[in-house]
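# Coordinate inspection notes
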Amino acid sequence: MLEVVDLRSGYGRIEVLRGVSLEVRAGEVVALIGSNGAGKTTLLRALSGVQPITGGEIRLLGARIDALAPHRRVERGLTQSPEGRQVFGPLSVEDNLRLGAYMRRDKEIGADRDQVYAMFPALAEKRRIAAGSLSGGQQQMLAIGRALMGRPKLLLLDEPSLGLSPLLVDQILAAIVALRGRGITVLLVEQNAAAALEIADRGYVLETGRIISTGPGAALLSDPAVKAAYLGAD
Amino acid sequence: MSEFVQFLMSGLTVGAVYALVALGFTLVYTASDVVNFAQGEFVMLGGMVTVFMAALGVPLPVAALIAVAAAVCVGLLLYWLAIAPSRGASPVTLIIITIGASILLRGAAQVLFDKQFHKLPSFSGDVPVNLLGAAVQPQSFWVIGGTALIVLLLYLFMERTVLGKALRATAANRLAARLVGINTTTVMTLAFGGSAAIGAIGGILVTPITLTSYDVGTLLALKGFAAAMLGGMGNPLGAVMGGILLGLLESFGAGYLSSTYKDGIAFVVILVVLVAMPQGLFGRRSVERV
Ligand SMILES: Nc1ncnc2c1ncn2[C@@H]1O[C@H](COP(=O)(O)OP(=O)(O)OP(=O)(O)O)[C@@H](O)[C@H]1O
Ligand SMILES: [Mg+2]
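Since we're looking at a predicted model, the values are computed, not measured.

## Details of the overall build of chain B
- Broken down by element type, chain B carries eleven helices and two strands.
- From first element to last, N terminus to C terminus, chain B shows the α and β order α-α-α-α-β-β-α-α-α-α-α-α-α.
- In terms of its C-alpha atoms, chain B occupies a principal-axis envelope of roughly 55 × 45 × 35 Å.
- The 290 residues of chain B split such that 49% are buried.

Here you go:
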């Protein structure tokens, strides 16, 4: 599904991604964990094309996408729910979801929207409300729902559990598992490493711009080095 | 009473033009964060191109269409040649670029056309209409009605169409807009073209009343900018209200106080409002939660 080879990116002269290589296979949920400032968000933004890269390759379904504009990548089935939710605050919940399907021209947009409402009933009740006045958890659901409206083959989720109550975190994680059931491949970025690795098929550990460890979710969970760095205090 | 109505109608007429210029400012600012001080030149182009096309024997409605098309072309060129290449430049740099563009356009108009004042025939004659004792020029109704129609169409576009929503989404959150696949270049192109068309239409509507010349854009840009600030920059409804309010202030100020201070009165009120309410009269309070 996704292959990233030796990807490099940064801000100005500061290199943040220093040769990242990873792979996500069709139907997988892959967790990307790493501490504050490791470069997780930078990586996801580079994959979506909103962060310039200075080297390396990105392949989606076998085709190079690293030179494509962001909207072309959405067209090819790559969507993202960004860190910090980033909903369109003044627009209604319904309009936020409609814009998630901005690139689509088919007739099933309404049906997909209803599916998002079925997945997150809290949103259905607020469909006419400005997205900016939703609670943090609802905004997170909206950001995920909006990304789903693009009919992704590969969905990128950047810290979907950030700042949510444990109950809501469980709800979001259950939703991600349900997405895998629908055949959507997921690359999940989390600081909450334990929770992410538990639902993931595989995981990667990113540290200061490099992948330092990878393996099945369960294996990483019990890896002493990972435990010490990411599961201890958390 | 008749005097009051007289001032009211002339204030609404001038205010409608300010509102259109302010709408142009707002549209571009919303989509791209650029304050486009060349906005007034679109009004000038609307009037001047129509005048010179009509002088060549082109029927007035066709001349007006050509003028709008010409202004849109200039707006798009401004975006493609000057704004798009300087993406990432500071707001001050961008403002200076647009001021430079407006000087260039004024100079070109002076060479291409001339330095005279020009008039267009009123669309439905010059026989004043009696409104509650006041004599109102029929063209005033064209200006006010045309503005109302543009505001309505723009509102429907922004609220009801996906493209309009994409424009508002880009204004609200550019990163998220790009992530859902909105091509922000398209949105900005649309905003520059649209604001040019709106300005040009304003220029065509008002030329039978106020006359036009190569340099009418400067003061209009200032007034329109003031109106947009008054209403809260980036808020289309506020821009319209700000424009009309400014027109009324000027008209009543000139009528009841002194026409010498017409421009002064308006700017003093704006200063007071902005010091007291930096967001403008209708500036939206942020509803976003962090
Ligand atoms: N816009 C920016 N300009 C300059 N440096 C930045 C910018 N955004 C991020 N950085 C730096 O790049 C590095 C990686 O940031 P990034 O946001 O990708 O990390 P992250 O792994 O997502 O962290 P977090 O867990 O806090 O979300 C950090 O050192 C950060 O300070
Ligand atoms: Mg991050």
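## Quick notes on unusual backbone geometry
- In this model, Asp6(A) sits at a positive phi of 50°, which is unusual for a non-glycine residue.
- By secondary structure assignment, the location of Asp6(A) is in strand E1 (residues 2-11).
- On the accessibility criterion, Asp6(A) (36% relative accessible area) is partly exposed.
- Even without a glycine there, the phi angle at Asp33(B) is positive, about 65°.

## With respect to a nonpolar patch on the surface
- Judged by side-chain polarity, Leu237(B), Met241(B), Leu245(B), Met277(B), Leu281(B) and Phe282(B) come together as a nonpolar surface patch covering roughly 500 Å² of accessible area.
- Position of Leu245(B) relative to the elements: it lies in helix H10 (residues 236-257).

## Focus: the packing of helix H3 (residues 93-100) of chain A against helix H4 (residues 109-119) of chain A
Residue and element names in this part refer to chain A.
- Running from amino to carboxyl end, H3 crosses H4 at an angle of 125°, the nearest separation of the two axes being 10 Å. Taken together, the axis directions place H3 and H4 in an arrangement best described as oblique. Crossing angle aside, the handedness with which H3 passes H4 is right-handed. Residue-level contacts link Val93, Glu94, Leu97 and Arg98 of H3 to Ile109, Arg113, Val116 and Tyr117 of H4.
- The residue inventory of the contact of H3 with H4, partitioned by class, reads five nonpolar, no polar and three charged.

## Brief notes about the site of ligand 1
Residue and element names in this part refer to chain A.
- Neighbouring ligand 1 are 13 residues, the closest being Asn36, Thr41, Thr42, Glu83 and Gln191.
- One nitrogen or oxygen atom from the side chain of Lys40 is found 2.8 Å from an oxygen atom belonging to ligand 1.
- Between ligand 1 and Thr42 there is a distance of 2.5 Å, counted from an oxygen atom to a side-chain nitrogen or oxygen.
- Computed on the free molecule, ligand 1 has an accessible area of 630 Å², of which 59% lies beneath the protein chains in the complex.
- The residue inventory of the shell around ligand 1, partitioned by class, reads three nonpolar, seven polar and three charged.

## Brief notes about the coordination of the magnesium ion (ligand 2)
- Protein ligation of the magnesium ion (ligand 2) involves Thr41(A) (OG1) and Glu83(A) (OE), the donor distances falling in the range 1.8 to 2.2 Å. You can see Thr41(A) sitting in helix H1 (residues 40-48) and its partner Glu83(A) sitting in the loop between strand E6 (78-81) and H3, a full 42 residues away along the chain.

## Some details on the sheet that holds strand E4 (residues 55-60) of chain A
Residue and element names in this part refer to chain A.
- Strands sit in the order E2-E1-E4-E5 across an open sheet of four strands; the sheet is antiparallel. Two strands in the sheet have a free side with no partner beyond their single neighbour: strand E2 (14-24) and strand E5 (63-64).
- Pairing analysis gives eight bridges linking E1 to E2, with the strands arranged antiparallel. In the strand pairing of E2, Gly10 is matched with Glu15.

About the criteria used
- Residues numbered from 1 in each chain as written.
- Chains lettered and ligands numbered in written order.
- Predicted model: local features only at pLDDT ≥ 70, side-chain atom pairs only at ≥ 80, totals over all residues.
- Heavy atoms only, no water.
- Helix = DSSP H or I, 4+ residues; strand = E, 2+ residues; numbered from the N terminus.
- Buried < 20%, exposed > 50% of the residue type's maximum accessible area, 1.4 Å probe, protein only.
- Patch = residues over 30% accessible without salt bridge, like charges linked within 9 Å, V, L, I, M, F, W, Y side chains within 5 Å.
- Areas by Shrake-Rupley, 256 points an atom, 1.4 Å probe, with all protein chains shown as cover.
- Salt bridge = Lys/Arg side-chain N within 4 Å of Asp/Glu carboxyl O.
- Axes fitted to C-alpha atoms, helices over the stretch in contact; angles between N-to-C directions.
- Parallel < 35°, antiparallel > 145°, perpendicular 65-115°, else oblique.
- Left-handed = near helix turned anticlockwise from the far one by under 90°.
- Contact = heavy atoms within 4.5 Å.
- Nonpolar A, V, L, I, M, F, W, Y, C, P; charged D, E, K, R; others polar.
- Near = heavy atom within 4 Å.
- Polar contact = N/O pair within 3.5 Å; in protein donor to acceptor, adjacent residues only side chain to side chain.
- Donors = N, O, S within 2.8 Å, 3.2 Å for Na, K, Ca; no water.
- Pairing = 2+ DSSP bridges.

Read these as layout, nothing more, since geometry by itself doesn't imply function.
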